[in-house]
Amino acid sequence: MKLILFRHGTAIDREEAIQMKMEDSKRPLTEKGREKTEKMAKLLKSFEENIDGIITSPLIRAQQTAEILTKNLKIEKIQESAELVPSAPPQAFAQWLKTHAGNSTCLIAVGHEPQLSVFASWALGGQAETFIDLKKSGMLALEFASFDEITPKSAELLWLLQPRLLG
């Protein structure tokens, strides 16, 4: 089973949101964030054809990123998972996948740092301390034997793509 972890695109600055009296969870993508996400979505489409669905954090910037992916990849199934918020432990998202992934063979999870890198580091190396630096609009793919059996050290890293590759 393949799980693609996709970090949300660039959102408006925290400081700007504070000045606007906007909650962190409501910070939207910037135009630059939308453009980078669109480019990365097109790159993903060029080599991943069979994606069953998208899981997104409930935060606005992740939802907007998921919408861009949905449009470009022509995916209809989107689910929301609170286990993708920045502070969620990796075990929580592993449990969510066990309960909700069903017969899926390839899913995209749209979320935040440090949660995505911590999840990947835990699934790859068994530690909840990250050794991956996933940039905004960056993505990586993990391979698991099954979404029912995600445990520490149960993943294989297939690839890691950062948006700077596209210029």
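Before any of the text, the structure's been laid out above.
Figured I'd write up the structure that's included with this text.

Rules used in this analysis
Residues numbered from 1 in each chain as written. Predicted model: local features only at pLDDT ≥ 70, side-chain atom pairs only at ≥ 80, totals over all residues. Heavy atoms only, no water. Phe/Tyr/Trp six-rings, centres within 6.5 Å; stacked < 30°, edge-to-face > 60°. Helix = DSSP H or I, 4+ residues; strand = E, 2+ residues; numbered from the N terminus. Buried < 20%, exposed > 50% of the residue type's maximum accessible area, 1.4 Å probe, protein only. Polar contact = N/O pair within 3.5 Å; in protein donor to acceptor, adjacent residues only side chain to side chain. Contact = heavy atoms within 4.5 Å. Axes fitted to C-alpha atoms, helices over the stretch in contact; angles between N-to-C directions. Parallel < 35°, antiparallel > 145°, perpendicular 65-115°, else oblique. Left-handed = near helix turned anticlockwise from the far one by under 90°. Nonpolar A, V, L, I, M, F, W, Y, C, P; charged D, E, K, R; others polar.

Quick notes on the packing of aromatic side chains
Tallied over the entire structure, the rule returns 4 aromatic pairs. Ring centres of F47 and W159 lie 5.1 Å apart, and the angle between their planes is 80 degrees; on these two criteria the pair is classed as edge-to-face. Of this pair, F47 sits in helix α2 (residues 31–47) while W159 sits in strand β6 (residues 156–161), placing them 112 residues apart in sequence. With a relative accessible area of 33%, F47 lands in the partly exposed category.

Observations concerning the side chain of T37
Checked against the element boundaries, T37 lands in helix α2. Note on T37: relative accessible area 0%, which makes it buried. A distance of 2.8 Å separates a polar side-chain atom of T37 from the backbone oxygen of G33. Excluding its chain neighbours within four sequence positions, the residues that come into contact with T37 are F6, G9, T65, I68 and S137.

Things to note about the packing of α2 against helix α3 (residues 60–73)
Pairs of packed helices are described in terms of their axes, by the angle between the two and the distance that separates them. At a minimum axis distance of 9 Å, the contact between α2 and α3 shows a crossing angle of 40 degrees. On the basis of their axis angle, the class for α2 and α3 is oblique. With respect to the hand of their crossing, α2 and α3 are arranged in right-handed fashion. On α3, the residues that touch R34, T37, E38, A41, K42, L44 and K45 of α2 are Q64, T65, I68, L69, K71, N72 and L73. When the residues that make up the contact of α2 with α3 are grouped by side-chain class, the tally is 5 nonpolar, 4 polar and 5 charged.

In short, the description is geometric, and any link to function would need to be established separately.
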